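These are the residues of each chain, in order.
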Amino acid sequence: MIEPDERQETDMTIDMEHGTGNVFADLDLPDAVDRQTKTRLALELNEIVKARKLRQVAAAKLLGIPQSKVSALVNYRLDGFSVERLMGFLTLLNRDVEIVIRPSRDNREGHVSVHALR
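Residues numbered from 1 in each chain as written. Predicted model: local features only at pLDDT ≥ 70, side-chain atom pairs only at ≥ 80, totals over all residues. Heavy atoms only, no water.

Peer 1: Can you walk me through the nonpolar core in this structure?
Peer 2: Generally speaking, soluble globular proteins have nonpolar side chains that are buried together. Membership of the largest hydrophobic core comes to 20 residues, with the highest contact counts inside it found for Leu45, Leu73, Phe81, Leu86 and Phe89. Listing elements by their share of this core, those giving two or more residues are α2 (32–51), α3 (56–63), α4 (67–74) and α5 (83–92). In this structure Leu86 touches Lys38, Leu41, Leu45, Leu73 and Phe81, once residues within four positions along its chain are discounted. (Core = buried A, V, L, I, M, F, W, Y, C linked by side-chain atoms within 4.5 Å. Buried < 20%, exposed > 50% of the residue type's maximum accessible area, 1.4 Å probe, protein only. Helix = DSSP H or I, 4+ residues; strand = E, 2+ residues; numbered from the N terminus. Contact = heavy atoms within 4.5 Å.)

Peer 1: Is there a simple way to explain a nonpolar patch on the surface in this structure?
Peer 2: On the surface, a nonpolar cluster with roughly 260 Å² of combined accessible area is contributed by Val23, Leu27 and Leu29. Within the fold, Leu27 resides in the loop between α1 (23–26) and α2. (Patch = residues over 30% accessible without salt bridge, like charges linked within 9 Å, V, L, I, M, F, W, Y side chains within 5 Å. Areas by Shrake-Rupley, 256 points an atom, 1.4 Å probe, with all protein chains shown as cover. Salt bridge = Lys/Arg side-chain N within 4 Å of Asp/Glu carboxyl O.)

Peer 1: Whenever I open this one, the packing of α2 against α5 confuses me. Can you help?
Peer 2: Working note: a packed helix pair is described by the angle between its axes plus the distance between those axes. It is at 10 Å that the axes of α2 and α5 come closest, and there the two elements cross at 20°. Judged on the interaxial angle alone, α5 and α2 are roughly parallel. Read as a crossing pair, α2 and α5 show a hand that is left-handed. Each of Asp34, Thr37, Lys38, Leu41, Glu44, Leu45 and Ile48 in α2 lies in contact with α5, whose residues at this interface are Val83, Leu86, Met87, Phe89 and Leu90. For the contact of α2 with α5, a count of residues per class yields 8 nonpolar, 1 polar and 3 charged. (Axes fitted to C-alpha atoms, helices over the stretch in contact; angles between N-to-C directions. Parallel < 35°, antiparallel > 145°, perpendicular 65-115°, else oblique. Left-handed = near helix turned anticlockwise from the far one by under 90°. Nonpolar A, V, L, I, M, F, W, Y, C, P; charged D, E, K, R; others polar.)

Peer 1: Looking at this structure, I do not really get the pattern of salt bridges. What am I missing?
Peer 2: Side-chain pairs of opposite charge can arise where the charged atoms are in close proximity. Considering all chains together, one arrives at 2 salt bridges under this definition. The residue Lys38 makes a salt bridge to Asp34 at a minimum N-O spacing of 3.7 Å. Here Lys38 and its partner Asp34 are both found in helix α2, 4 residues apart, which amounts to about one turn of the helix. Judged by its relative accessible area of 9%, Lys38 falls in the buried class. The class for Asp34 is partly exposed, based on a relative accessible area of 33%. For Asp106, the salt bridge is made with Arg108, and the minimal N-O distance between the two is 3.9 Å. Looking at Asp106, the relative accessible area reads 45%, which means it is partly exposed.

Scope: geometric values only; no functional claims are made or implied.
In structure tokens:
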């Protein structure tokens with residue numbers, strides 16, 4: 001029996017690969033940038049709905065969509081939503097959405113990012 005303070009050495013090694021910062025790209029899914037952008041927007045939408053303690057029916061009325069679409073948002077089934085539509089929902093929830101375009105910091109291909117200020 002091993003005492004609690006004894007340590008065993010193992011020869012196990014773990015290979016690790018650093019991700020790109022976009023799990024969808026790491027999984028080689030199509031439209032990885034769009035998927036990540038939509039997911040981050042939906043995350044913010046869901047946080048606002050949760051903070052306001054809105055039920056799906058009330059959120060649907062506020063957003064002007066059927067309750068089934070709110071259910072899709074809550075469950076991150078986002079194929080039926082464009083980035084623009086999700087940004088429009090945020091404005092309906094009293095959020096300003098800003099798009100900033102600037103030169104790439106490292107002179108490589110640019111990237112898309114979403115930041116929520118609370």
